[in-house]
Amino acid sequence: MTIHKVIARTLTLAASTIVALPFVSCQNEVPTVGSNLAGGEVQIALDSLIWNGEQQYIYRGEDSTLITCPKIQFATEYEKAVDSRSTTNLLGRLSVPEYGDLRCSFVSQLMSVTNLNIPDTIGINQIDSMKLVLSVPRGQLTGDSLAPQQLRAYQLTKSLPSDINNTFDPTGYYNPDEPIGSKSYTLSALGMSDSIYSKLSYINIDIPMAKEMAVETVKAYRDNQLKHIFEWPQSFEQYFHGIYVEPSFGRGCVANISDVNFLIYYSYKTTETSTDDDGNTTAEVVTKAAATGVFETSPIVLNSNNISYTPSTYLQGLAAQNEPIITAPGGYRVRLTFPAKELIDIYRTSQSKLAVVSGLSFTIPAEEIANDYGLTPPPYLLLIKTSKIDEFFSKNSLPDNKESFYATYSATNKRYTFSSMRQYILDLIENGITEDDLDFTIIPVNLTLESNSSSNNSYYNYYYGYNTSSSSTTYTVTKCTPYIAAPAMCRLRLDKASTVFTYSTQQMK
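Values in this document were obtained by computation on a predicted structure and should not be read as measured data.

Procedures and definitions
Residues numbered from 1 in each chain as written. Predicted model: local features only at pLDDT ≥ 70, side-chain atom pairs only at ≥ 80, totals over all residues. Heavy atoms only, no water. Core = buried A, V, L, I, M, F, W, Y, C linked by side-chain atoms within 4.5 Å. Buried < 20%, exposed > 50% of the residue type's maximum accessible area, 1.4 Å probe, protein only. Helix = DSSP H or I, 4+ residues; strand = E, 2+ residues; numbered from the N terminus. Pairing = 2+ DSSP bridges. Salt bridge = Lys/Arg side-chain N within 4 Å of Asp/Glu carboxyl O. Polar contact = N/O pair within 3.5 Å; in protein donor to acceptor, adjacent residues only side chain to side chain. Contact = heavy atoms within 4.5 Å. Phe/Tyr/Trp six-rings, centres within 6.5 Å; stacked < 30°, edge-to-face > 60°. Lys NZ or Arg CZ within 6 Å of the ring centre and 35° of its normal. Axes fitted to C-alpha atoms, helices over the stretch in contact; angles between N-to-C directions. Arc of directions from axis to C-beta. Parallel < 35°, antiparallel > 145°, perpendicular 65-115°, else oblique. Left-handed = near helix turned anticlockwise from the far one by under 90°. Nonpolar A, V, L, I, M, F, W, Y, C, P; charged D, E, K, R; others polar. pLDDT = per-residue confidence, 0-100.

## Overview of the nonpolar core
In this structure, Ile127, Met130, Leu132, Leu134, Ile243, Phe262 and Phe295 are the most contacted members of the largest nonpolar core, which totals 42 residues. If you list the elements that add at least two residues to this core, you get strand 8 (127–137), strand 10 (149–155), strand 12 (202–209), helix 3 (211–222), strand 13 (243–249), strand 14 (253–257), strand 15 (259–275) and strand 16 (281–296). When residues in this core are grouped by element, the largest group, six residues, is from helix 3. Membership of the second largest hydrophobic core comes to 36 residues, among which are Phe405, Tyr409, Tyr424 and Phe440.

Next up, the structure:
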């Protein structure tokens, strides 16, 4: 594709941005707001930077002038350690020829219920068993659901470190000779009818625990001198440090565990009555079973994934050639120098006495890397100043559109667009530019979004003769963490990346 065709495509995208600007009016009329303060001709300047792999071209507004600038500098980097704290856990092993080898286990503290939901009338001899239940949301797995798997669970013997990450080695934090449970399983729906499976939101992996563990737990809850340990996460952590769960057999499937629960099962007797057709009533004593949850994972306690990822020979070859590769969880990410200086230089040479910045966006096409396991590009990317990465995740920060920005992957257009960069460029225009302001890293992340819908009052359209109304939905990011929900990968097409810098200029009379 020629550079002129790329320009035309970019301008088509950018034109929609201009139409939405509040200062654009019909017949090129100048808005009346502020017209008594400054008269003159208002023009929209659209500077589109398009990189063809060799150099940066800038399309200047209406004069169709191409100006050559230095190309964007970038480097593909491998980062072994990532912040792996999460409310979900990856478990299993996976080997994908194009992606590489992935092994996932997890450690987690637990939250206890304050009061045991078992009636005091239930004796210790009626406590039947205990289970650790791992819940996998339907469809939240990568690989072969029929692949046989096996796991082991251990009770931690000491507190987890606070500076934990995905490279954490649990050796010394548990006794490998004393698992509290093990389980062989598959994540398929074999044995279930289609009607039953279609109603399932989760597939549960039930891991039997020793009956003694259930009995000891009930006794502790009923011991007045021990009751206080269940009232706060800090005190409970000293009593029960947490669990370590690892895959012990199988390769071919990685599952996303959304919930971890310890359940205690008990039995009780009750009297049931029935009446026959003659009106005779019969009473019968029956034994029933019940279960109650006692411990579970929670966002307010420490939960971390242990992730070991070795990229494939194919990806290592691309990275060696400095191809812009993104992988998750962990692995490759891209560091680049954002062309803010070139943008501002052109903005300042507009020969205008008044220029108002309207918007700045950065679009990067993405290329899926073919594979047979359904691995796709990560759903979100974070563009963040390299110097702010550690602080950003350690403080659970959110994208602020000044030093960090997020983009959603469009499966339709196969691209990421960082569209809210206006304040970033405004700050640089006002305060000047340092090297730190241009040094960015692109990292795959997982976002929690909250939607807010609003609607305008309907009104009668006299021209068309019907009532019309409008509504809009905005999204607020409430959480941003490194992407560890599932394996993912893509190649960023920085050779087709573009920025769109839009502003109005006014020549004063």
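## As for the pairing of strand 17 (residues 303–311)
Taking burial as the measure, the nine residues of strand 17 include seven buried ones, the bulk of the element. Of the strand pairs in this sheet, strand 6 (residues 100–108) and strand 17 are connected by nine bridges, and their pairing is antiparallel. Across the sheet, the residue bridging to Arg103 is Ser308, located in strand 17.

## Digging into the pattern of salt bridges
Counted by the stated rule, this structure contains 14 salt bridges. Residues Asp345 and Lys341 are paired through a salt bridge, measuring 3.2 Å at the closest nitrogen-oxygen approach. Of this pair, Asp345 and Lys341 are both found in helix 6 (residues 340–348), four residues apart, which corresponds to roughly one turn of the helix. Taking the relative accessible area as the measure of exposure, Asp345 reaches 37% and is therefore partly exposed. Among the residues examined, Lys341 registers a relative accessible area of 46% and is labelled partly exposed. The closest approach of N and O atoms between Lys385 and Glu403, which form a salt bridge, is 3.7 Å. Highlighted residues: Lys385 in strand 21 (residues 380–385) and Glu403 in the loop between helix 7 (389–394) and strand 22 (404–410), separated in sequence by 18 residues. Note on Lys385: relative accessible area 6%, which makes it buried. Residues joined by salt bridges that share partners form a network here, namely Glu323, Glu367, Arg491, Arg493 and Asp495.

## Brief notes about the side chain of Asn256
When you line up the elements, Asn256 lands in strand 14. A polar contact of 3.5 Å, which involves the side chain of Asn256, links it to the side chain of Thr88. At a separation of 2.9 Å, a polar atom in the side chain of Asn256 contacts the main-chain carbonyl oxygen of Ala485. If near-sequence neighbours (up to four positions away) are discounted, Asn256 is found in contact with Thr88, Asn89, Leu90, Ser135, Val136, Pro137, Gln140 and Ala485.

## Looking at the packing of aromatic side chains
Per the counting criterion, the structure on display carries 25 aromatic pairs. Seen in terms of ring centroids, Tyr78 and Tyr332 are 5.4 Å apart; in terms of plane orientation they differ by 70°. Their pairing is edge-to-face. Taken together, the residues Tyr78 in strand 4 (residues 74–79) and Tyr332 in strand 19 (residues 331–337) connect sequence positions 254 residues apart. Consider the rings of Phe236 and Phe240, whose centres lie 6.0 Å apart with planes at 5°: the pair is stacked. The exposure class assigned to Phe236 is buried, which follows from its relative accessible area of 0%. Members of the aromatic cluster, joined through ring pairs, are Tyr221, Phe230, Phe236, Tyr239, Phe240, Phe262 and Phe295. The ring centre of Tyr265 lies 5.4 Å from the NZ or CZ of Lys131, which sits over that ring. One cation-aromatic arrangement involves Lys158 over Tyr173; the distance from NZ or CZ to the ring centre is 4.5 Å.

## Comments concerning the sheet that holds strand 16
The strand order across the open sheet built from five strands is 7-16-15-8-12, with neighbouring strands paired in antiparallel fashion. For this open sheet the edge positions go to strand 7 (111–112) and strand 12, each flanked by a neighbour on one side alone. Bridge analysis of strand 8 against strand 12 gives eight bridges, and the strand direction is antiparallel. Residue pairing in the sheet places Met130 in a bridge with Met209 of strand 12. Docked against the sheet, helix 3 engages strand 7, strand 8, strand 12, strand 15 and strand 16, running at close to 100° with respect to strand 8.

## Structural notes on helix 5 (residues 313–320)
An α-helix turns once every 3.6 residues. As a result, residues three or four positions apart point the same way. Within helix 5, burial applies to Leu315, Leu318 and Ala319. Buried residues of helix 5, seen end-on, are gathered within an arc of 100° and therefore sit on one face of the element. In helix 5, the exposed positions that point more than 90 degrees away from the buried face belong to Thr313 and Ala320. One or two residues past the end of helix 5 sits Asn322, with phi positive at roughly 60°.

## Brief notes about the packing of helix 6 against helix 8 (residues 422–431)
Two numbers describe how helix 6 lies on helix 8: the axes approach to 11 Å, and their chain directions differ by 65°. The angle between helix 6 and helix 8 places the two elements in the roughly perpendicular class. Where helix 6 crosses over helix 8, the two elements pack in a sense that is right-handed. For the pair formed by helix 6 and helix 8, the contact residues are Ala340, Leu343, Ile344, Tyr347 and Arg348 on the first element and Tyr424, Ile425, Leu428 and Ile429 on the second. For the contact of helix 6 with helix 8, the per-class residue count stands at eight nonpolar, no polar and one charged.

## Some remarks on the confidence of the model for the chain
Summary statistics for the chain give a mean pLDDT of 82 and a share of 78% for residues scoring 70 or more. Here residues 1–40 scores under 50 on pLDDT; set against residues more than four positions off or in separate chains, the count is 43 contacts.

## Focus on helix 8
Regarding helix 8, the residues found buried are Tyr424, Ile425, Leu428 and Ile429. End-on view of helix 8: buried residues confined to an arc of 130°, all on one side of the axis. Facing away from the buried side of helix 8 by over 90 degrees, the exposed positions are Glu430 and Asn431. Taken from the residues just after helix 8, Gly432 is the one with a positive phi, measuring 95°.

## Description of unusual backbone geometry
In the segment running from Ala328 into Pro329, the intervening peptide bond is cis, with an omega of -5°. Mapped onto the elements, Pro329 comes out in the loop between strand 18 (325–328) and strand 19. In this structure, Asn322 is a non-glycine residue whose phi angle is positive, near 60°. Residue position: Asn322 is located in the loop between helix 5 and strand 18. By relative accessible area, Asn322 is classed as partly exposed at 31%.

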